[in-house]
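# Observations on the three-dimensional arrangement
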Amino acid sequence: MNINIGKTLVAKHSWDIDTVRAAFPSLGMTDNGQRRVYVDAPAGSQVAGRVVDRMRQALVENCANDGGFFRTSVASERLMFDAHDGAAAFLNCSADEVVFGLNTTSLFFAFAYILSRDWKSGDEIVLTRMDHDANIAPWLRMAEEKGVTVRWLEFDAETFQYRYDSLDTLIGEKTRLVACNHASNILGTINDVARIVAAAKSVSAVTVVDAVQSAPHIPLDVKAIGADIVCCSAYKFFGPHTAILYIDAGLRDQIRPLKVRPSPDMMPWRFAPGTPSFESQAGALGAIEHVAWLGTEFGGAAKDSSLRHRIVAGWEASLQYEVELMRQFIEGAASIPHFRLFGISDLQALEQRVPTFSFRLGNKAVGAVAEALASRNIFSWTGSFYAHEAAAVLGIRESGGANRIGLSHYNSREDVEALLDALRLIASE
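Cut-offs applied
Residue numbers here run from 1 along each chain, matching the order of that chain's written sequence. Given that this is a predicted model, residues contribute local features only at a pLDDT of at least 70 and side-chain atom pairs are listed and counted only at 80 or more, while totals for whole chains, interfaces and linings are drawn from all residues. Side-chain measures here rest on the full set of heavy atoms in the structure, leaving out hydrogens and waters. Here a helix means four or more residues in a row that DSSP labels H or I, a strand means two or more in a row labelled E, and each is numbered from the N terminus. Burial status follows relative accessibility: with a 1.4 Å probe on protein chains alone, a residue under 20% of its type maximum counts as buried, one over 50% as exposed, and anything between as partly exposed. In this description, contact between two residues means that some pair of their heavy atoms is separated by no more than 4.5 Å. Note on areas: Shrake-Rupley, 1.4 Å probe, and residue coverage restricted to the protein chains presented here. None of His or the chain ends enter the tally, which takes Lys and Arg as positive and Asp and Glu as negative. By convention in these notes, a salt bridge is any Lys or Arg side-chain nitrogen within 4 Å of a carboxyl oxygen on Asp or Glu. Counted as a polar contact is a pair of N or O atoms within 3.5 Å, where, for protein atoms, one must be capable of donating a hydrogen and the other of accepting one, and residues adjacent in sequence contribute only when both atoms are in side chains. Two strands pair if DSSP finds at least two bridges between them. Here the axes come from fitting lines to C-alpha atoms, over the contacting stretch only for helices, and the angles between their N-to-C directions go from 0 to 180 degrees. Oblique is the label for any angle not covered by the other classes, which are roughly parallel (under 35 degrees), roughly antiparallel (over 145) and roughly perpendicular (65 to 115). Classes in brief: Ala, Val, Leu, Ile, Met, Phe, Trp, Tyr, Cys and Pro nonpolar; Asp, Glu, Lys and Arg charged; the others, Gly included, polar. Lining residues are those with an atom within 4 Å of a point, where the points come from a 1 Å grid over the protein atoms alone and group into cavities, where a 1.4 Å probe fits but cannot get out, or pockets, open sets with protein on both sides within 12 Å along at least five of seven lines. Grid points are joined across faces, edges and corners, and a volume is the space filled by probe spheres set on the points. Side-chain rings of Phe, Tyr and Trp, where Trp is taken by its six-membered ring, are said to pair if the distance between their centres is within 6.5 Å; with planes under 30 degrees apart they count as stacked, over 60 as edge-to-face, and otherwise as tilted. Put simply, a charge is over a ring when the Lys NZ or the Arg CZ is close to the ring centre, within 6 Å, and near the line of the ring normal, within 35 degrees.

Looking now at the overall build of the protein. When helices and strands are tallied, the protein shows 14 helices and 17 strands. The buried share among the 429 residues of the protein stands at 58%. A separation threshold of at least 6 residues defines the contact pool for the protein, and within that pool the share at least 24 residues apart is 70%. With the model as given, the accessible surface of the protein reaches about 17,900 Å², and the carbon-plus-sulfur share is 50%.

Here's what the structure looks like:
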């Protein structure tokens, strides 16, 4: 099969799940002869081997702070710049619009303090009921301190989509900031964030997008989204615990960062409050290189094509495979007694969601279900997953939340079938 990606016409290799899984050191591990079934990716994916290699390089071969004239310091700084270039290709922006941080939550709290400096009583901000609390609590805190009114973009608990028709009444001349999520970490819905951003931009409001759940599954294009700030976490897309934030150059140069006085004002140091984690940045680059490898191995991208080109090809190949995993899970779950899915289940609308599935099995306690899965070496999560507002809308916040599993391009069809078989047994007990 041949495909045309950009200007390069190359042979596309069929997806080989064994080759993909071999790229992850943890996937070959067993416990007392029992294989591990990792369906816990929404909280944190498994780590690609390239990530480990990159981090070892940073910690062993060039372990030093940047700014020196000696070999390891020069190498450390070079690795930092390479990581910013890689993140820029991942997000489709310039390297001087990239900020690394501890995690998305920490970055949003820092930027909430920075962006709210000029807020005053009578101003308004718009948040959503679907977001992870990382994109709610920081803005709520600042709104409380400044006397700013909070307005809410709701979602439909039947369609699991935002109520976009309310944007005109929510966003107006008093709106200072609009924050929303690209994909829900509890529902799996992929949202039309460009539409929300456009409505906010029409009144010159600052826009913030949480892309943590979309980043492990679909190509991110911050320029197409149009937001001022977009953030994602590398540990959700096969890397280490670090976050990557895009900030539009126009906003970047207007705001005053939190930092020590001697720190350079130029990027990439401008928003770094102290010494960065070079090893985490190196690991994030390794995760991005893994996606690019998928592009050359299975997406038809030439090895000498641009990094961005290979990344997009990798996601497109991965997405085709993940859609089939989603189909397998939804079709299989439909026959499980008392199975209730909180999210889009229409097999003709799988492009509207990522493979993050929250569910309940009748009246069974979510902890009991997760424990029964764990006894079969199937790893999953329970709770509201910090989607505090969404869990309330769904009516599950006070009753333990939901069970949640997530599929990734490294999961096999055998993983999904093992999960479904286990859920059938648990439901029948």
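There is more to say after this.
Another point: the side chain of Glu322. Topologically, Glu322 is positioned in helix α11 (residues 307-333). Although buried, Glu322 forms no salt bridge, and the nearest oppositely charged side chain, Arg353, lies 9.8 Å from it. At a separation of 2.9 Å, a polar atom in the side chain of Glu322 contacts the side chain of His217. Apart from the residues lying within four places of it in its own chain, the contact partners of Glu322 are Pro216, His217, Pro355, Leu407, Ser408 and His409.

What follows concerns the sheet that holds strand β11 (residues 229-233). An order of β6-β12-β11-β10-β9-β7-β8 is seen for the 7 strands of this open sheet, with the pairing classed as mixed. Looking at which strands have only one partner, the edges of the open sheet turn out to be β6 (98-101) and β8 (149-153). Taking each pair of neighbouring strands and ignoring which way they run, the sheet shows an average axis angle of 20°. Along the sheet, helix α4 (residues 104-115) contacts β6, β9 (175-181), β10 (206-210), β11 and β12 (243-247); its crossing angle with β11, the most-contacted strand, is approximately 160°.

Moving on to the packing of helix α10 (residues 278-297) against α11. Here α10 crosses α11 at 75°, and the two axes come no closer than 6 Å. When the axes of α10 and α11 are compared, the pair comes out roughly perpendicular. Residue-level contacts link Ile288, Val291, Ala292, Leu294, Gly295 and Thr296 of α10 to Leu307, Arg310, Ile311, Ala313, Gly314 and Trp315 of α11. Of the residues that constitute the contact of α10 with α11, the class distribution is 8 nonpolar, 3 polar and 1 charged.

What follows covers empty space enclosed by the protein. Scanning the model with the defined rule gives 1 cavity of 30 Å³ or more in all. Its volume calculated, the largest cavity comes out at about 50 Å³. If you trace the largest cavity, you find it lined by Ala41, Pro42, Ser45, Gln213, Pro216, His217, Lys236, Phe238 and Ser408. Class assignment of the residues belonging to the lining of the largest cavity gives a composition of 4 nonpolar, 4 polar and 1 charged.

Our next topic: the packing of aromatic side chains. Throughout the structure, instances matching the rule amount to 17 aromatic pairs. Connected via pairs of aromatic rings, a cluster forms that spans Phe24, Phe90, Phe237, Phe238, Trp315 and Tyr410. Residue placement shows Arg129 over the ring face of Trp152; its charged tip is 4.1 Å from the ring centre. Sitting over the face of the ring of Phe385, Arg404 holds its NZ or CZ atom 4.1 Å from the ring centroid.

All right, on to the pattern of salt bridges then. All chains considered together, the criterion is met by 23 salt bridges. Note that Arg54 is salt-bridged to Glu289, the shortest N-O span being 2.6 Å. Residue Arg54 is located in helix α2 (residues 49-61), and its partner Glu289 is located in helix α10; the two are separated by 235 residues in the primary sequence. The exposure class assigned to Glu289 is partly exposed, which follows from its relative accessible area of 24%. Salt-bridge contacts for Asp156 lead to Arg163; the nearest nitrogen and oxygen are separated by 3.8 Å. Residue classification places Arg163 among the partly exposed positions, given a relative accessible area of 39%.

Right, let's talk about unusual backbone geometry for a bit. The omega angle of the peptide bond from Met267 to Pro268 is 10°, so this bond is cis rather than trans. Here Pro268 lies in the loop between α9 (249-252) and α10.

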